[in-house]
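# Chains, contacts and geometry: an overview
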Amino acid sequence: KLRWGLLGASNIAKQWLHTSISKHPDCEVISVYSRDKERAAAYAKDLGLRRNFTDLDAFLSDPELDAVYISTTNDKHRDEAIAAAKAGKHILCEKPLALKVEDAQAMIDAAGAAGVVLATNHHLRNMETHRAIKDLIKSGQLGHITSARVSFTVDLPDDLARWRLNDPKAGAGVVLDLTVHDMDLLRFYFDADPISVTAMGLTSGSAPHGIKDNVMTIWEFPGRLLVSCHDTFLVPFGGTAIDIHGTDGSVHGADVLWQKPQGRVTVRDAGGTHEIRVEHLVPYDRTIDDFVKAVRGTGAPSVTGEDGMNALRLALAAVQSMEIGNTVRL
Ligand code: NDP
């Protein structure tokens, strides 16, 4: 079995990834690392893990450990991933892969040099709703795609708000939290990278330090395709949505962003409106399944380190556009 350690005593590991890893027949979670002794011990007890660590080297040098899932705050991903690679452990790292493109590249290089798998946990492309939308785009049924809209319009419960809303050093704000997901999803839908971005962002809520909690970006993709993304932490009741418009039809995904497998996909065309049947599955299950295949040499990660770096590169271009108040060519 592939023996995993949770690098970070986080919400996401407890809510989703611990379960997805544990239920995979070829995986087992054996340990957790936290900087905080009490949190490490309580977390291990809660999840029934054999070992807990507050020393990263000791955690990584456990000879039983094969792979780590990094879900600390964004600022820590780089050093932890490089340390894990040097220790010969395979790595599933949370998004954003890092805070800078050079750091993401350094992580990719370290994994390459050590011969370990590095994957990024962008989960949206592993959701059945988004896979159905991509299939529709690729089928040609919608005709020539001219525009799309992403509404990642959510609010933040208190346990998620902490550093996301308050700590610039940790990589707070919607761009590194949500826009980066949009970009991975759009690269997945269109098998292409955008060629320019124009962005505006505000602090519309109570976030301190000028942290942007409300951001709109407009992307031009090859083929004269325009996409707008609205990413915000300030919309409790709006629901999330995706719209893809083609010359022969439009597809609408309702409540298809966020983590829970849910939502509805409908197509509207000359024949009327009809719903696409989707069998919902937990997206992280597919992430783990693909990761295991990559480690065993029988497949590739759903989202590679390079994919993670590209999503980050695009999100940071949006930040640059906001800063200069102009379009950024990519
Ligand atoms: P958390 O805030 O839950 O955990 C991050 C770190 O904060 C932990 O490693 C822990 O470090 C510390 N921490 C945990 N709980 C507390 C607490 N109650 N008080 C103070 N510190 C605490 O992070 P999330 O789970 O929300 O996010 C972790 C990473 O995962 C981020 O990179 C995020 O972008 C990503 N993410 C990805 C999602 C996806 O679907 N792909 C969804 C959600 C998050 P320590 O114990 O060492 O102090």
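Since the structure is predicted, the reported quantities are computational estimates derived from the model, not experimental observations. (Residues numbered from 1 in each chain as written. Predicted model: local features only at pLDDT ≥ 70, side-chain atom pairs only at ≥ 80, totals over all residues. Heavy atoms only, no water.)

Let's shift gears to the packing of aromatic side chains. Using the criterion set out here, one finds eight aromatic pairs in the structure. Centre to centre, the rings of Y189 and F190 are 6.0 Å apart; their planes meet at 70°, and the pair counts as edge-to-face. With a relative accessible area of 12%, F190 lands in the buried category. Among the aromatic residues, ring-to-ring pairing joins F188, Y189, F190 and F221 into one connected group. A cation sits over an aromatic face here: K134 above F188, 4.4 Å from the ring centre. (Phe/Tyr/Trp six-rings, centres within 6.5 Å; stacked < 30°, edge-to-face > 60°. Buried < 20%, exposed > 50% of the residue type's maximum accessible area, 1.4 Å probe, protein only. Lys NZ or Arg CZ within 6 Å of the ring centre and 35° of its normal.)

Moving on to the environment of Y69. Along the chain, Y69 turns up in strand 4 (residues 67-70). Taking C-alpha positions, Y69 is 8.3 Å from L17, a pair spaced 52 residues apart along the chain. If we ignore the near neighbours within four places in the chain, the residues touching Y69 are W4, G5, L6, L7, I12, A13, L17, I21, L92, E94 and N121. (Helix = DSSP H or I, 4+ residues; strand = E, 2+ residues; numbered from the N terminus. Contact = heavy atoms within 4.5 Å.)

Here we take up the domain arrangement of the chain. In terms of domains, the chain is made up of domain 1 (2-123 + 284-302) and domain 2 (124-281 + 313-329). For domain 1 and domain 2, the distance between their C-alpha centres works out to 26 Å. Across the boundary between the two partners, domain 1 contributes 19 residues, which contact 25 residues of domain 2. For the domain 1 face of the interface with domain 2, the top three residues by lost area are H122, H123 and R286, together amounting to 37%. Applying the counting criterion to the domain 1 and domain 2 interface returns two salt bridges. (Domains from an automatic or database assignment. Buried area = accessible area lost by both parts, 1.4 Å probe. Salt bridge = Lys/Arg side-chain N within 4 Å of Asp/Glu carboxyl O.)

Now for the sheet that holds strand 8 (residues 196-202). Here we have nine strands laid out as an open sheet, ordered 14-13-12-11-7-10-9-8-15, and mixed in their pairing. Edge positions in the open sheet fall to strand 14 (272-276) and strand 15 (328-329), since each of these has one partner strand only. Sheet analysis places strand 8 next to strand 9 (residues 214-221), joined by seven bridges and oriented antiparallel. Bridging from a neighbouring strand, M200 pairs with M216 of strand 9. Against the sheet, helix 10 (residues 305-324) makes contact with strand 8, strand 9 and strand 15, and its axis sits at roughly 65° relative to strand 8, the strand it touches most. (Pairing = 2+ DSSP bridges. Axes fitted to C-alpha atoms, helices over the stretch in contact; angles between N-to-C directions.)

Further remarks concern the pairing of strand 13 (residues 264-269). On a regular strand, each side chain points to the face opposite its neighbour's, so the side chains alternate between the two faces of the sheet. In this sheet, strand 13 lies alongside strand 12 (residues 249-254) in antiparallel orientation, the contact comprising six bridges. Its bridge partner lying in strand 13, A254 is registered against R264. The pairing of strand 13 with strand 14 spans five bridges and is classified as antiparallel. Note that in strand 14 the partner of T266 across the bridge is E275. Connecting strand 13 to the next strand, strand 14, in antiparallel fashion are two residues.

A separate point is the environment of K169. Following the sequence through the fold, K169 ends up in the loop between helix 7 (158-166) and helix 8 (174-190). Taking the C-alpha atoms as reference points, K169 and N74, 95 residues apart in sequence, are found 8.8 Å from one another. Setting aside residues up to four positions removed in sequence, K169 forms contacts with D75 and L99.

Relative to each other, helix 5 (residues 101-114) and helix 10 sit at 175°, their axes nearing to 9 Å. Comparing their axes, helix 10 and helix 5 come out roughly antiparallel. Facing helix 5, whose interface residues are V101, A104, Q105 and I108, helix 10 presents G305, E306, M309, L312, R313 and L316. (Parallel < 35°, antiparallel > 145°, perpendicular 65-115°, else oblique.)

This part is about the pattern of salt bridges. With the rule as written, the count across this model stands at 26 salt bridges. Residue E28 is joined to R50 by a salt bridge in which the shortest nitrogen-to-oxygen separation is 2.4 Å. Remark: R50 occurs in the loop between helix 2 (37-47) and strand 3 (51-53) and E28 occurs in strand 2 (residues 27-33); sequence separation between them is 22 residues. Its relative accessible area of 46% is what places R50 among the partly exposed residues. Within the structure, one salt-bridge network assembled from shared partners comprises R125, D184, R187, D193, D307 and R313.

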